[in-house]
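# Tertiary structure, described
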Amino acid sequence: MAILVLGGAGYIGSHTVYALIQAGRDVVVADNLLTGFRAAVHPGARFYQADIRDRKAMDALFEKENIEGVIHFAASSQVGESMSDPLKYYDNNLCGTTVLLQSMVAHGVDKIVFSSTAATYGEPERVPILETDQTRPTNCYGETKLAMERMMYWTSRAHGLRYVALRYFNACGAHPSGVIGEAHNPETHLIPLILQVPNGQRDKISIFGDDYPTRDGTCVRDYIHVTDLAQAHILAFDYLLAGGENNVFNLGNGVGFTVREVIDAARAVTGHPIPAETCPRRTGDPAQLVASSEKARTVLGWTPQYADLNTILTSAWNWHKNHPKGYEDGTK
């Protein structure tokens, strides 16, 4: 039986597909390629260009393939865009997940691992954040992801679906082989934006706010290597296969770095001065997001292998300096 990876042509999804194939799993990928890249999909996976909002496409896929469970990455994920275009996020994230779950229920597929986010917590009540802490999103993206979690909960109550929601923090880095990596257009994530400076694609990096209540005034984030995230998805899927109950897990390294610290580390890795300028804060950015991932370590047996910031940046730089335009010329 196969694992269906939705959004498997995207950044985290493609790395998870590579890890699944390496582990000997049978993998089916569905992606609408609006933000993903066909070139990022492992050649060992069967690929369908499909949108999860398309019920006919989802039904046809479940009817053709023998799917034992789903790993769900198919969602819009940019905080800033979610604040300026919230209806896009309700349409893609919530309407899409509604259609997906309807099709899963209709075809008796009862296991799903869901790509959630630390943005469900909003401004944290304490650091590090525990899974039991209050969820009060400060942006529309986090609000839709939290609603997707609740949708799975109620679907579980009504139809016996079993799910794991993985709330991860700042995904970063690239595959150790350098074959795949991060490619967004436009790019909004800190590390690839920083690395555009030594790549000659921008003159400087912007720091959005230096008056936060942190050690140097800039935002603190927990950076987790994409390959470690991929392994967590496999462990979560196997947990469900073994009969595990519905659950939520944080995924992070438990260590926070400020924006200035990440820039300094990138300067060391690339050997480039990387000029920086301070700009006003962005709407919806919490001061600190750092995970406690003890639950994932204990229950899933998850242990990050690429926790060092220099290791993360080195893998990212290896990808970006060799693929300055992402996947070839940026076409799908």
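My aim in this report is to walk through the structure given alongside it, one point at a time. (Residues numbered from 1 in each chain as written. Predicted model: local features only at pLDDT ≥ 70, side-chain atom pairs only at ≥ 80, totals over all residues. Heavy atoms only, no water.)

### As for helix 8 (residues 259–270)
Taking 1.5 Å per residue as the helical rise, helix 8 with its twelve residues ought to reach 16 Å, and the 16 Å between its terminal C-alpha atoms agrees with that figure. Looking at the buried side of helix 8, the elements it contacts are helix 6 (190–195), strand 8 (205–208), strand 9 (220–225), strand 11 (256–258), strand 12 (276–279) and helix 10 (309–322). Where helix 8 terminates, the next one or two residues include Gly271, which has phi positive at roughly 75°. (Helix = DSSP H or I, 4+ residues; strand = E, 2+ residues; numbered from the N terminus. Expected span 1.5 Å × (residues − 1). Contact = heavy atoms within 4.5 Å.)

### Topic: the environment of Val127
For Val127, the location among the structural elements is in the loop between strand 5 (111–117) and helix 5 (140–159). By relative accessible area, which is 40% here, Val127 ends up partly exposed. Separated by 113 residues in sequence, Val127 and Ser14 place their C-alpha atoms 30 Å apart. Those residues within four positions of Val127 in sequence are excluded, and the remaining contacts are Gln288 and Val290. (Buried < 20%, exposed > 50% of the residue type's maximum accessible area, 1.4 Å probe, protein only.)

### As for the pairing of strand 9
Within strand 9, six of the six residues are buried, which leaves the element mostly enclosed by the surrounding structure. Burial along strand 9 is two-sided: Val220, Asp222 and Ile224 and Arg221, Tyr223 and His225, pointing in opposite directions, are all buried. Where strand 7 (residues 170–172) lies against strand 9, three bridges are found, and the strand directions are parallel. Each residue of the ladder has a partner; that of Cys172, found in strand 9, is His225. Looking at chain direction, strand 9 and strand 11 are connected through three bridges and run antiparallel. Following the sheet pairing, Val220 is matched in strand 11 by Thr258. (Pairing = 2+ DSSP bridges.)

### Describing the sheet that holds strand 3 (residues 46–49)
As summarised here, the arrangement of the seven strands in space is 3-2-1-4-5-6-10, forming an open sheet in which the pairing is parallel. Two strands in the sheet have a free side with no partner beyond their single neighbour: strand 3 and strand 10 (247–251). Ignoring strand direction, the axes of neighbouring strands in this sheet form an average angle of 20°. Running at roughly 165° to strand 5, helix 4 (residues 86–106) makes contact with strand 1 (2–6), strand 4 (67–72) and strand 5 of the sheet. Contacts from helix 5 reach strand 4, strand 5, strand 6 (162–168) and strand 10 within the one sheet, and its direction differs from that of strand 5 by about 160°. (Axes fitted to C-alpha atoms, helices over the stretch in contact; angles between N-to-C directions.)

### A short note on the packing of aromatic side chains
According to the stated counting rule, one finds four aromatic pairs in the structure shown. Ring centres of Tyr153 and Trp154 lie 4.8 Å apart, and the angle between their planes is 75°; on these two criteria the pair is classed as edge-to-face. Residue Tyr153 is classed as partly exposed on the basis of its relative accessible area, which comes to 23%. Through pairs of rings, three or more aromatic residues link up here, namely Phe37, Trp319 and Tyr327. Its guanidinium or amino end placed over the ring of Tyr212, Arg281 lies 3.9 Å from that ring's centre, counting from NZ or CZ. (Phe/Tyr/Trp six-rings, centres within 6.5 Å; stacked < 30°, edge-to-face > 60°. Lys NZ or Arg CZ within 6 Å of the ring centre and 35° of its normal.)

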